[in-house]
Each structure stands twice: as structure tokens, then as C-alpha cells.
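What follows is the residue order along each chain.
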Amino acid sequence: MKVIFQMPINIRMKPGFMYWGTNSENLTLEVPFPTSGTFETSRKAQTQESADGSIVAQVIGRSKDKQTLSWVVMDCNKWWEINNWIEANGMFFYCKYFNFNLGIWQIKKFYCENPSCEPYRPNSNPSHAQYGMPRFLENCRITVVDMGNVDV
């Protein structure tokens, strides 16, 4: 029985979820819409209870945004493009994104955390040109975190 391995399949990814760049005017990497994209805004406050039992609070800093992007199925070439862009340009970058809590597009400096993926059926034939290459990737995930720079 002859096993035929196909190159990674081309999975259509919906473009335009966010855009990354080395500066705020040069946003060259287009990140596709994730299957799931949890958006979180964190706020810090220092609180203290007064003698009468009421709470006094003071805001510390400003709100910071964080998105965990995940794709159930991801095109290999797009995932490699994203991760190779990070390797070439560094894990700190400008990001144009839609702030789901405010309802507006923003550009801020971000950093990325823990890209991960699961390869689907990688080629196991060492003599084949596509050795180690998966058909596609599953459960891809990357988290991007607002570094606190003001909007540009």
C-alpha cells in the first residue's frame, strides 16, 4: 500500500481581525478572525476600609487590554507567517484592534504570550520532501497584551 502525503491544505482564513506592525504607521501583518477571541480589560484599584465600614478606593494606572485568540483549525502557512513575523520583528509590536468594550478601533503597543498549536497528521516519512509538515494545525492559540502605551 502506497501512502500519499499531501502538502498542507489551504484553509481559507477570514482576514482583518487585527493588524500588527513595527510602528503605528506600518501595520503590515494581518491576523485572521479567530474561532474564539476572549477580550479582557483589566483595571487595578487600591482599596481600604474606613472606620465606619465604607470602602475607599483609588484607581492605579489605566485600563489594559488583553486578547486570547484561538483557532480550532488554522492554515499552516498563515500560522507560520504570524510566528515568523514575531521571530523577525520581536514579541513587542504595534497592534490595530477593535476594542470590544469601548466599541472603537485603537492602536497600542502590545506583546505576545505563549503561541501554541497542535499539528494534524504530520508527515512521518523521513525521505519525503514534506517530512514533519502537518496537513493543518488545530487548537492554535496566542495571547496579546496591551503594554500600556497611549493610543497614537
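(A) Geometry of the pairing of strand E1 (residues 18-21). Relative to strand E2 (residues 29-31), E1 runs antiparallel, the two being bridged by three bridges. Paired with Met 18 across the two strands is Val 31, which belongs to E2. In this sheet, strand E5 (residues 92-99) lies alongside E1 in antiparallel orientation, the contact comprising three bridges. Looking at the pairing, Tyr 19 lines up with Lys 96 of E5.

(B) How the structure looks around the packing of aromatic side chains. What the rule picks out here adds up to 14 aromatic pairs. Here the aromatic rings of Phe 92 and Tyr 111 are separated by 6.4 Å at their centres, their planes lie at 55 degrees, and the arrangement is tilted. Note that Phe 92 is positioned in strand E5 and Tyr 111 in strand E6 (residues 104-120), a separation of 19 residues in sequence. Each residue in the set Phe 17, Tyr 19, Phe 33, Phe 39, Tyr 97, Phe 98, Phe 100, Trp 105 and Phe 110 is aromatic and connected to the rest through ring pairs, giving one cluster. The ring of Trp 105 has Lys 96 sitting right over it, with the charged end atom 5.5 Å from the ring centre.

(C) Region of interest: unusual backbone geometry. Although it is not a glycine, Asn 114 adopts a positive phi angle of roughly 45 degrees. Take Asn 114: it is sitting in strand E6. Phi at Asn 139 is positive, roughly 50 degrees, even though this residue is not glycine.

Calculation rules
- Counting restarts for each chain, with residues numbered from 1 along the sequence as it is written.
- Residues qualify for local features only when their pLDDT is at least 70, as the model is predicted, and side-chain atom pairs are given and counted only at 80 or more; totals for whole chains, interfaces and linings, by contrast, use all residues.
- Only hydrogens and water are set aside when side-chain values are computed; all heavy atoms of the structure are taken into account.
- Strands are labelled as partners when DSSP assigns at least two bridges between them.
- Secondary structure is summarised from DSSP: a helix means a run of H or I of at least four residues, a strand means a run of E of at least two, and numbering begins at the N terminus for each.
- Geometry of aromatic contacts follows a simple scheme: Phe, Tyr and Trp rings, the Trp one being its six-membered ring, pair when their centres are within 6.5 Å, and the pair is stacked under 30 degrees between planes, edge-to-face over 60, tilted otherwise.
- Only Lys NZ and Arg CZ are tested; either one counts as a charge over a ring when it is within 6 Å of the ring centre and within 35 degrees of the ring normal.

Functional significance is not addressed by these values, which are geometric in nature.
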